[in-house]
Amino acid sequence: MRARRPLVIVDALASLANAFKDIFPGSTTTYLSAADLAAQLEALGPRAALRPKVVPLDETRLAALLYSDGQAEPQAGLLIDLWRPVRTSDSHFARAFCRVFNDDLKHVSDALHLNEHWASLEQTRLRRAVARFLNYRPHQMSNWIRAVEDSMALTYEGRAVRHCLIVARKATRLVHRLGNKFIPLPGGISIENALLREKWIRTVVDGRRVALLGSMHSGSIIGFISLTEVDRNDAALRYAPHETLVPVQAVLGTSAHDVALVASPQGDLFILSGKGSVFQKSHGRWRVLDYEALHERLSMRFREDVVTGVLRAAIDLSFERTGALFCLLDSREDLTDFIPDHGHALAANSHLRRSLRGQNIAVWAQRQVITAAAATDGAVVLDKDGSVLD
């Protein structure tokens, strides 16, 4: 192992640390010293010859390893502490990302500094990592993701185009399960052509009533799915990026390898997988959305149904890019200190506040009104059982 790391490795390590801050929000990263790196290699034993890109360290930490082209041993490493239990999907995606990262590093390993070529690779790196994580044909999946991104710049009769595409590995099986909720498209159209060139598709597919169904094997659109007829109860996961996407999640519910690409009305791109992973591209940056991790933390203090109600409301408002503030109190004591005009006859928005008082965010119908009202100025204050205090 080299006593001194090449400058390109030092730069790459900083780039890797920044990337993982987006991939795992709330995590912390530290550089592995030469001694720590040597200890990790010794612990790997014969597996070190396989040049592993990510190594689980304990319940909450992973180590990401960087290799120079032609070197059998890693030249640097990064310790990633998630501050929560590491899930299988976490380590799998970290491995996919580090594999793409190390492949990119090969292309600039002869340079003294990370160059323009590296900067161009950086623009597409997370998309390629997502594609590798989701699909056994990552190049093809990356092209489909790019096609959805490009389609978001299109308009039809002054309206922004927002496609919803579900790609199934075993499309025939999914079609059989959907029954009359599926309408075939005779002859099929390639996914790229359907998204970018067939104008009539822009009027039919809106992501709420209708989604496109593509075959992962053929790369073609084979028909349409009537989302309004899909049973929402088939959704195995607790959270979708928005309540309107629960039917999409239900379609993915029986196959870990199926994928949905959804363009939101607000201009964000969401990728949902049957594995349960959710990725978001917003303002040019990719993120991994780990709703379950947040649910687990809140559930340590509040009831399960209350946590589900609050997170469902917050996630929906976030999808809609609407600001809101929810406060959950352990106790009602000193409520007037927390809300100075609580109970005052001349309090701001008094009619709205009185009508919501006592409504419970864990009840679906009541949550719809609470969620809509949360966009007004001020916070929605709830007790530990989910009832609105003010």
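As shown above, the structure is provided for reference.
The following paragraphs examine the structure supplied in this document.

What counts and how
- Residues numbered from 1 in each chain as written.
- Predicted model: local features only at pLDDT ≥ 70, side-chain atom pairs only at ≥ 80, totals over all residues.
- Heavy atoms only, no water.
- Buried < 20%, exposed > 50% of the residue type's maximum accessible area, 1.4 Å probe, protein only.
- Helix = DSSP H or I, 4+ residues; strand = E, 2+ residues; numbered from the N terminus.
- Pairing = 2+ DSSP bridges.
- Phe/Tyr/Trp six-rings, centres within 6.5 Å; stacked < 30°, edge-to-face > 60°.
- Lys NZ or Arg CZ within 6 Å of the ring centre and 35° of its normal.
- Axes fitted to C-alpha atoms, helices over the stretch in contact; angles between N-to-C directions.
- Contact = heavy atoms within 4.5 Å.
- Parallel < 35°, antiparallel > 145°, perpendicular 65-115°, else oblique.
- Left-handed = near helix turned anticlockwise from the far one by under 90°.
- Nonpolar A, V, L, I, M, F, W, Y, C, P; charged D, E, K, R; others polar.

**Let's talk about the pairing of strand β14 (residues 285–288)**
Only one face of β14 is buried: it carries W286 and V288, and the other face, with R285 and R287, is open. The sheet contact formed by strand β13 (residues 278–282) and β14 spans 4 bridges and is antiparallel. Looking across to β14, one finds that F279 is bridged to V288. Taking the residues that link successive antiparallel strands as the turn, the β13-β14 hairpin has 2 residues, and the phi of H283 there is positive, at about 55°.

**Points about the packing of aromatic side chains**
This structure, assessed with the given rule, holds 9 aromatic pairs. Measuring from ring centre to ring centre gives 5.5 Å for F93 and F133, while their planes differ by 90°; the resulting arrangement is edge-to-face. Of this pair, F93 sits in helix α3 (residues 88–107) while F133 sits in helix α4 (residues 116–134), and the two are 40 residues apart along the sequence. Looking at F93, the relative accessible area reads 3%, which means it is buried. Given a relative accessible area of 7%, F133 falls into the buried group. Seen from their ring centres, F97 and F101 are 6.0 Å apart, and the 45° between their planes marks the pair as tilted. With F97 and F101 both in helix α3 and 4 residues apart, the pair spans about one turn of that helix. Put simply, the rings of F20, F24, F97 and F101 touch in pairs and so form one group of aromatic residues. The positively charged end of K53 is found above the aromatic ring belonging to Y67, 5.5 Å away from the centroid. Positioned over the ring face of F133 is K275, at 4.5 Å from the centre of the ring.

**Regarding the sheet that holds strand β1 (residues 28–31)**
The strand order across the open sheet built from 4 strands is β1-β4-β3-β2, with neighbouring strands paired in antiparallel fashion. Of all the strands in the sheet, just β1 and β2 (54–56) have a single pairing partner and so form its edges. For this sheet, the mean angle separating the axes of adjacent strands, direction not counted, is 25°. Of the pairings in the sheet, the one linking β2 to strand β3 (residues 61–66) comprises 3 bridges and is antiparallel in character. Counted as the bridge partner of P56 is L62 from β3. Running at roughly 15° to β3, α3 makes contact with β2 and β3 of the sheet.

**As for the side chain of D104**
Among the structural elements, D104 can be located in helix α3. D104 gets classed as buried once you look at its relative accessible area, which sits at 2%. In this structure, D104 is in contact with W118, L121, R125 and R128, ignoring residues within four places of it in sequence.

**Thoughts on the packing of α4 against helix α5 (residues 138–151)**
Here α4 crosses α5 at 125°, and the two axes come no closer than 8 Å. Here α4 lies oblique to α5, going by the angle between them. Between α4 and α5 lies a crossing of right-handed hand. Taken together, the residues of α5 that come into contact with α4 (itself represented by R127, R128, V130, A131 and R132) are P138, M141, S142, I145, R146 and E149. Partitioned by chemical class, the residues of the contact of α4 with α5 number 5 nonpolar, 1 polar and 5 charged.

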